[in-house]
Amino acid sequence: MEFVRRGACITALGWVLVGTANLVVAGDPNVLKPRVPADQIDEAKTWQNPFPNTPENIEIGKNIFHGKAFCVTCHGKDGTGLGNIPGLRGKLPRNFTDKAWQATRTDGELFWILKNGSPGTDMASFVPLVLTEEEAWHVLLYVRSFGQ
Ligand code: HEC
């Protein structure tokens, strides 16, 4: 009897470990849910990055990300979102190397986030206070480069 119960316990622990591993590998499904409000998302999806995806433009975005826009403090040097910000409310910064997340978002949706922030999270609005629209498009080329 004791043996059976211990077996069940070990099996349960096994499932918890498998579940945690899945979360780490596959990411949190919640990050795939749209962030742009339903009444604005159709319009946001039509916005396109006017700057071509060249190494020079990515470099400009990289300098902004690591420099004046301090994205790096939350999103991390490697874009995995493990920058260490004490007191982040609730949601973690995005993991930009998550290919599923990269595929599910349009450039326009990301641009909307840079303009408006992600409501209810620590992702603030950066355009126009910190970044011009041109700079925001460049930084998004860099964000996209983490997914390659
Ligand atoms: C104070 C911490 C912080 C800083 C600084 C910050 N972010 Fe974020 N960012 C977050 C958090 C937290 C989220 C997750 C929000 C959510 O889950 O909706 C996020 C989400 C995002 C997303 C994903 C939104 C989506 O559609 O899933 C993008 C893109 C992004 N940030 C870009 C940037 C860029 C570019 C900068 C610099 C200009 C920046 N962030 C600076 C905390 C930060």
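- The name given to the protein in an unreviewed UniProt entry is C-type cytochrome, with Candidatus Nitronereus thalassa as the source organism.

**Quick notes on the site of the ligand**
No. 1: Lining the immediate surroundings of the ligand are 24 residues, of which Arg 35, Cys 71, Cys 74, His 75 and Met 123 lie closest.
No. 2: For the ligand, an oxygen atom lies 2.5 Å from a polar atom in the side chain of Arg 35.
No. 3: When residues of the shell around the ligand are traced back to their parent elements, those giving at least two are helix 4 (71-75) and helix 6 (107-116).
No. 4: No other element matches helix 4, which puts 4 residues into the shell around the ligand.
No. 5: The residue inventory of the shell around the ligand, partitioned by class, reads 15 nonpolar, 4 polar and 5 charged.

**Concerning the pattern of salt bridges**
No. 1: All told, the structure shown has 3 salt bridges when counted by the stated rule.
No. 2: Lys 68 is the salt-bridge partner of Glu 135, the closest N and O atoms lying 2.9 Å from each other. Of this pair, Glu 135 sits in helix 7 (residues 133-145) while Lys 68 sits in the loop between helix 3 (55-66) and helix 4, and the two are 67 residues apart along the sequence.
No. 3: Of the residues examined, Lys 68 reaches a relative accessible area of 48% and is grouped as partly exposed.
No. 4: Asp 107 is the partner of Arg 144 in a salt bridge, and the nearest nitrogen-oxygen pair spans 2.8 Å. Of this pair, Arg 144 sits in helix 7 while Asp 107 sits in helix 6, placing them 37 residues apart in sequence.

Here is what the cut-offs are and how they apply
Along each chain, residues carry numbers from 1 onward, in the same order as the chain's sequence is written. Predicted model: local features are reported for residues with pLDDT of at least 70 only, side-chain atom pairs are reported and counted for 80 or more only, and whole-chain, interface and lining totals are derived from all residues. Here the side-chain values reflect all heavy atoms present in the structure, with hydrogen atoms and water set aside. One heavy atom within 4 Å of a molecule or strand makes the whole residue count as near it. We define a polar contact as two N or O atoms separated by no more than 3.5 Å, with the added condition that, inside protein, one atom must be a possible hydrogen donor and the other a possible acceptor, whereas residues neighbouring each other in sequence contribute only through side-chain atom pairs. Strands here mean DSSP runs of E at least two residues long; helices mean DSSP runs of H or I at least four residues long; both are numbered from the N terminus. Polar here means any residue outside two lists: the nonpolar Ala, Val, Leu, Ile, Met, Phe, Trp, Tyr, Cys and Pro, and the charged Asp, Glu, Lys and Arg; Gly therefore counts as polar. By convention in these notes, a salt bridge is any Lys or Arg side-chain nitrogen within 4 Å of a carboxyl oxygen on Asp or Glu. Buried residues are those whose accessible area, probed at 1.4 Å on protein chains only, stays under 20% of the maximum for their type, while exposed residues exceed 50% and partly exposed ones sit between those limits.

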